[in-house]
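Coordinate analysis (summary)
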Amino acid sequence: NGLVYEATTMTFFSRIQHRFLPVPPDGTIDTVTFLEAARTIVPFFDLLGPRVFAPVKSDINGNIEKLQTKYRKDESKYSTLQRIVETEIAEGTTRAKNSATDALLWLKRALEFVCVFLEKVLDGEQDLTKCARAAYEASLKRFHGWLTQGVFAVAVRAVPYRKDFIKALRGDACVGEDAILSEMREHVSTLSANVNVLSKFYRDKNQDTDQTV
């Protein structure tokens, strides 16, 4: 019974089994750990709006699958995300259809959206529509054509009220908002560190394209 009770009193963040890890001193990011953690982010979009954010979830899952497919081809060779991209650069395949480089780029941008959104929540912004709009403008908007921007404009307006969002994060746990925000801050810290390292890597390798979809 104790185990059942514990399982039903966990917040959204404490239920996450695979977490983003601090980036090691050499700056490399383990492929398996990162992809497992990225997959746990997908349910986050259900809290914002399961129907309107369904395309985002589908895009994230698709990019994770592309990267996992690449990794399985040579698990030793592709043990880090940087090795995957560097190999495709050497082979001249970064712009090929379904390239892992492109998949990671879009996955990074989606995670950047999550980062900025949660950072705005942590800053105390009460209007989650403003949080979502700021996150979209900082991460994805400039890479989207007018049609995709229109889809996101609808999604941004459909996000819940802050109190309902916090309630959803709380789940059945008997904890206050401060405890939830503390967990959120911890997750944002490591997620942001991973995203920042990848952003710098893509800039350094001239792989951060301005191509729109």
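See above for the structure.
Residues numbered from 1 in each chain as written. Predicted model: local features only at pLDDT ≥ 70, side-chain atom pairs only at ≥ 80, totals over all residues. Heavy atoms only, no water.

This paragraph deals with the overall build of the protein chain. Along its length, the protein chain carries 10 helices and 0 strands. Listed N to C, the secondary structure of the protein chain is α-α-α-α-α-α-α-α-α-α in terms of helices and strands. Since a compact globule built from 213 residues should have a radius of gyration of about 17 Å, the 18 Å found for the protein chain is in line with a globular shape. The long-range fraction of contacts in the protein chain, counting pairs at least 24 apart against all pairs at least 6 apart in sequence, stands at 72%. Separation between the mean location of the 29 positive side-chain charges and that of the 28 negative ones in the protein chain comes to 5 Å. (Helix = DSSP H or I, 4+ residues; strand = E, 2+ residues; numbered from the N terminus. Rg over C-alpha atoms; globule rule 2.2 N^0.38 Å. Contact = heavy atoms within 4.5 Å. Lys, Arg positive; Asp, Glu negative; His and termini not counted. Charge placed at Lys NZ, Arg CZ, Asp CG, Glu CD.)

Within the structure shown, the criterion is met by 9 salt bridges. Put simply, Arg39 and Glu65 hold a salt bridge, and the shortest N to O gap is 2.8 Å. Here Arg39 is found in helix α2 (residues 31–41), whereas its partner Glu65 is found in helix α4 (residues 54–73), with 26 residues between them in sequence. Of the charged contacts, one joins Asp164 and Lys163 as a salt bridge, the two residues approaching to 3.4 Å between their closest N and O atoms. (Salt bridge = Lys/Arg side-chain N within 4 Å of Asp/Glu carboxyl O.)

Relative to the helices and strands, Val52 resides in the loop between α3 (44–48) and α4. In the structure, Val52 is positioned 107 residues away from Val159 in sequence and 9.0 Å away in space, judged by C-alpha atoms. Apart from the residues within four sequence positions on either side, Val52 is in contact with Ala155 and Ala158.

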